[in-house]
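# Analysis of the macromolecular model
Chain by chain, the residues run as shown.
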Amino acid sequence: MFSYQTILISSVALVLLMSSASRVIAADDTTYSSSTITPQASPAGNQSAEPAGSLSLTQALASALLKSPELSAYSTEIRAQEAAALQAGLLPNPVFGANAANFGNQVIKSYDGDVVTLQLSQLIELGGKRAARISAADLSKQLAAWDYEAKRADVLTQVSQAFIEVLTTQQRLVLIEQMQTLAQQTFSSTSARVQAGKVSPVEESKAKIALASAQIELQRTRRQLNAAKKQLAAFWGSTAPRFDTVAGSLETLQPPPGLETLLQRLADNPDLARWTTEITQRQALIEVEESKVIPDLTATVGASKYLMPQDYALTVGFSMPLPVFDRNQGRIGEAQHRLAKAEDERRNAEVRIRTALNTAYQRLDAAYAEVNALHQDILPNAESAYQAASEGYRLGKFGFLDVLDAQRTLFSTQSQHLSAEAEYHKALADVERLIGGNLHSQTEAAQ
């Protein structure tokens, strides 16, 4: 049985129980994954402190779990459902009544004269209404807990992907800075060769254009990094991030297992797992409506005081509605149709999630193949071509366009390699969100 306290404790203790983080190596070369990341203990009285300095994936995930406004709304819903479950189990209140008869009548008086009656009534629920209501309310509470689990997995996946975006942009900025440095060196070298009369001034103009382009790209990437940092900080409710950099690496990649293996693990997806509770809750609502067919009994007990003879009399009675016209048939039919709707929605969710897993898996597999191809073949060749062109230009064997083309090819390949690594980790986060666990957990456990 779920409760708000249980969900909160498990969230803080495990952080990634539903596995939404991709594998990113932290600064200390420790591999973090969706099943191993746990938040660091916050200093006493400093739990609301904004992450600052160098930010790790662990800290980002913990901050999002503790401070996410979106996640807080779902945890509040759990407490609201707990209160609703409490209310569902309460008995109806007794009703106190009083009435007086024959007062102010000076012409006709009854045989017994004026009379005052006090009575107490109690509604007695029949047909198992209270038990059915408690069961439905408890299942609604469990559904709220499942919704929290699903949203927590969404938030952690989004935080992981936002962290990867910051890390990727941060590393791309380093590449752009290196490109600008090389462009500056090439421009200085070309200017010296022009002054020495060894090359045409046109080459100096081309080198100056390449340098200006690198500077523009540098400024653009810096703005993109600032925007990515703000987007990451927004997950813990901050509009002005205090952290300077994120610590991690995108170079740790593992070959993904077969798609069929992952499809067998979809039962751990909270979006699918919740439907078992959803169907049971819809069935419980039918039982609630069916229990209303049996009318409730209202028992009454009281006493009457007759003022003329100064005497008393006890009164006992009961009342019960007759189910002649309204037998709650409309509500029962509505609940039955909503059960059928839930079963259709469950089948639709299964198809949708299986399709999403297939799409994310194809992205993951393609990114892994692309990274390997770039790392093993294309990137080394681009580096060799650039080194050869630079050396040939220094010796006067190649023209400036050859150097510029080799330089552009090298940085384009490096940027493509970085983008492929980022795509791999983002797709990995999506796959782990869909299977509800670590991608390699079963393989590693077998080893």
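It should be emphasised that the depicted structure is a prediction, and the values quoted were computed from it without experimental measurement.

### As for the overall build of the chain
Along its length, the chain carries 10 helices and eight strands. Out of the 447 residues belonging to the chain, those deemed buried represent 43%. Counted over contacts in the chain with a minimum sequence separation of 6, partners at least 24 positions apart contribute 79%. Carbon and sulfur atoms make up 54% of the accessible area of the chain, which amounts to about 23,500 Å² in all.

### Description of a nonpolar patch on the surface
Among the surface-exposed residues, Ile 124, Leu 126, Val 293, Ile 294, Phe 318 and Met 320 lie close enough to one another that they form a single nonpolar patch of about 510 Å² accessible area. Of note, Ile 124 is situated in strand 5 (residues 115-124).

### A word on the pattern of salt bridges
Considering all chains together, one arrives at 19 salt bridges under this definition. For the salt bridge of Lys 151 with Glu 70, the shortest nitrogen-to-oxygen distance reads 3.0 Å. Placement of the pair is Lys 151 in helix 4 (residues 129-195) and Glu 70 in helix 3 (residues 69-88), with a sequence separation of 81 residues. On the basis of relative accessible area, Glu 70 is assigned to the partly exposed category, the value being 37%. Lys 141 serves as the salt-bridge partner of Asp 138, at 3.6 Å between the closest nitrogen and oxygen. Of this pair, Asp 138 and Lys 141 are both found in helix 4, three residues apart, which corresponds to roughly one turn of the helix. Judged on exposure class, the residue Asp 138 and its partner Lys 141 are both buried. Salt bridges here are not isolated pairs; linked through shared partners, they connect Asp 147, Arg 274, Glu 278 and Arg 282.

### Things to note about the confidence of the model for the chain
With 84% of its residues at a pLDDT of 70 or more, the chain has an overall mean of 82. In the model of the chain, strand 2 (residues 31-32) stands out as the element of lowest mean pLDDT, 35, in contrast to helix 7 (residues 270-291), which has the highest, 94. Scored below 50 in pLDDT, residues 1-23 shows 93 contacts in the model against residues more than four places distant or in partner chains. A low-confidence stretch, residues 25-47 stays under pLDDT 50, and its non-local contacts, those more than four residues away or across chains, total 50 contacts.

### A few points about the side chain of Lys 229
Mapped onto the elements of the fold, Lys 229 is located in helix 5 (residues 201-233). Buried charge without a partner: Lys 229 forms no salt bridge, and the closest opposite charge is Asp 244, 5.4 Å away. For Lys 229, the residues in contact, after removing those within four places along its chain, are Val 166, Pro 241, Phe 243 and Asp 244.

### Quick word on the nonpolar core
Within the largest apolar cluster, 41 residues are counted, with the highest numbers of intra-cluster contacts made by Leu 55, Val 159, Phe 163, Leu 232, Trp 236, Phe 243 and Val 246. Per-element accounting of this core gives the leading share, 17 residues, to helix 4. Excluding residues that lie within four positions of it along the chain, Trp 236 makes contacts with Glu 50, Pro 51, Leu 55, Ala 60, Ser 63, Ala 64, Lys 67, Ser 68 and Phe 243. Formed by 30 residues, the second largest nonpolar core is a distinct cluster that contains Leu 259, Leu 272, Leu 339 and Leu 434.

### A few points about the sheet that holds strand 4 (residues 95-101)
Strand order across the open sheet formed by four strands is 4-5-7-8, with antiparallel pairing between neighbours. If you trace the sheet from one side to the other, it starts and ends with strand 4 and strand 8 (311-319), each paired once. Across the sheet, the mean angle from the axis of one strand to that of its neighbour is 20°, orientation sign disregarded. Relative to strand 8, strand 7 (residues 297-306) runs antiparallel, the two sharing nine bridges. Residue pairing in the sheet places Ala 303 in a bridge with Leu 314 of strand 8.

### Let's talk about the packing of helix 3 against helix 4
Axis separation between helix 3 and helix 4 bottoms out at 8 Å; the angle between their running directions is 170°. With respect to their mutual orientation, helix 3 and helix 4 come out roughly antiparallel. Residues that form the contact of helix 3 with helix 4 fall into these classes: 12 nonpolar, three polar and nine charged.

### A few points about the environment of Ala 340
For Ala 340, the location among the structural elements is in helix 8 (residues 329-394). Residue classification places Ala 340 among the partly exposed residues on the basis of a relative accessible area of 34%. Linking Ala 340 and Arg 282, residues 58 residues apart in sequence, is a C-alpha distance of 9.0 Å.

### So, the side chain of Gln 161
Here Gln 161 is to be found in helix 4. Side-chain polar atoms of Gln 161 contact the side chain of Asp 430, separated by 2.8 Å. Setting aside anything within four residues of it in sequence, one finds Gln 161 in contact with Lys 426, Ala 429 and Asp 430.

### Brief notes about helix 7
Relative to the 32 Å expected for 22 residues at 1.5 Å per residue, helix 7 spans 31 Å between its end C-alpha atoms, a close match to the ideal helical length. For helix 7, the principal kink sits at Thr 276 and spans about 25°. Two or three places before Asp 271, at the start of helix 7, stands the capping residue Asn 269, its side-chain oxygen 2.7 Å from that residue's backbone nitrogen.

### Things to note about the environment of Leu 65
For Leu 65, the position within the fold is in helix 2 (residues 57-67). Between the C-alpha atoms of Leu 65 and Val 155, which are 90 residues apart in sequence, the distance is 8.0 Å.

### A word on the packing of aromatic side chains
Following the criterion strictly, the structure yields two aromatic pairs and no others. Seen from their ring centres, Tyr 368 and Tyr 424 are 6.1 Å apart, and the 40° between their planes marks the pair as tilted. Of this pair, Tyr 368 sits in helix 8 while Tyr 424 sits in helix 9 (residues 400-435), and the two are 56 residues apart along the sequence. Assigned by exposure class, Tyr 368 and Tyr 424 land together as buried.

### Some thoughts on the environment of Asp 244
Along the chain, Asp 244 falls in strand 6 (residues 242-246). Taking relative accessible area as the criterion, Asp 244 reaches 52% and is therefore assigned exposed. For the pair formed by Asp 244 and Lys 229, sequence separation is 15 residues and the distance between their alpha carbons is 8.8 Å.

What counts and how
- In every chain, residue numbers begin from 1 and rise along the written sequence.
- Two thresholds apply to this predicted model, a pLDDT of at least 70 for residue-level local features and 80 or more for giving and counting side-chain atom pairs, whereas whole-chain, interface and lining totals are computed over all residues.
- Side-chain numbers here rest on the full set of heavy atoms in the structure, without hydrogens or water.
- Counting from the N terminus, the helices are the DSSP runs of H or I reaching at least four residues and the strands are the DSSP runs of E reaching at least two.
- Relative accessibility decides the category of a residue: with a 1.4 Å probe and only protein chains considered, values under 20% of the type maximum give buried, values over 50% give exposed, and everything between is partly exposed.
- In this description, contact between two residues means that some pair of their heavy atoms is separated by no more than 4.5 Å.
- Note that accessible areas follow from Shrake-Rupley with a 1.4 Å probe, and for residues the cover is restricted to the protein chains shown.
- The patches described consist of residues with a relative accessible area above 30% and no salt bridge, like charges being joined within 9 Å and nonpolar side chains (Val, Leu, Ile, Met, Phe, Trp, Tyr) within 5 Å.
- By convention in these notes, a salt bridge is any Lys or Arg side-chain nitrogen within 4 Å of a carboxyl oxygen on Asp or Glu.
- Each residue carries a pLDDT score, the predictor's confidence in it, ranging from 0 to 100.
- Charge assignment in this entry is limited to Lys and Arg as positive and Asp and Glu as negative, and neither His nor the chain termini are counted.
- Nonpolar cores are built from buried Ala, Val, Leu, Ile, Met, Phe, Trp, Tyr and Cys residues. Side-chain atoms within 4.5 Å join them into one set.
- Here the rule is simple: two strands pair whenever DSSP picks up at least two bridges between them.
- Helix axes use the C-alpha atoms of the stretch in contact, all axes being lines fitted to C-alpha atoms, and the angles between their N-to-C directions lie in the range 0 to 180 degrees.
- Reported orientations rely on four angle classes, namely roughly parallel under 35 degrees, roughly antiparallel over 145, roughly perpendicular from 65 to 115, and oblique for the rest.
- Residues were grouped as follows: Ala, Val, Leu, Ile, Met, Phe, Trp, Tyr, Cys and Pro as nonpolar; Asp, Glu, Lys and Arg as charged; and all remaining residues, including Gly, as polar.
- By the criterion applied in these results, polar contacts are pairs of N or O atoms within 3.5 Å in which, for protein atoms, one can donate a hydrogen and the other can accept it, and in which residues neighboring in sequence qualify only through two side-chain atoms.
- Expected helix span is taken as 1.5 Å per residue step, with the number of steps being one fewer than the number of residues.
- The bend reported for a residue corresponds to the angle between axes fitted to the seven residues ending at that residue and the seven starting there.
- Any two of the Phe, Tyr and Trp rings considered here, Trp counted by its six-membered ring, make a pair once their centres fall within 6.5 Å; the pair's planes then place it as stacked at under 30 degrees, edge-to-face at over 60, or tilted in between.

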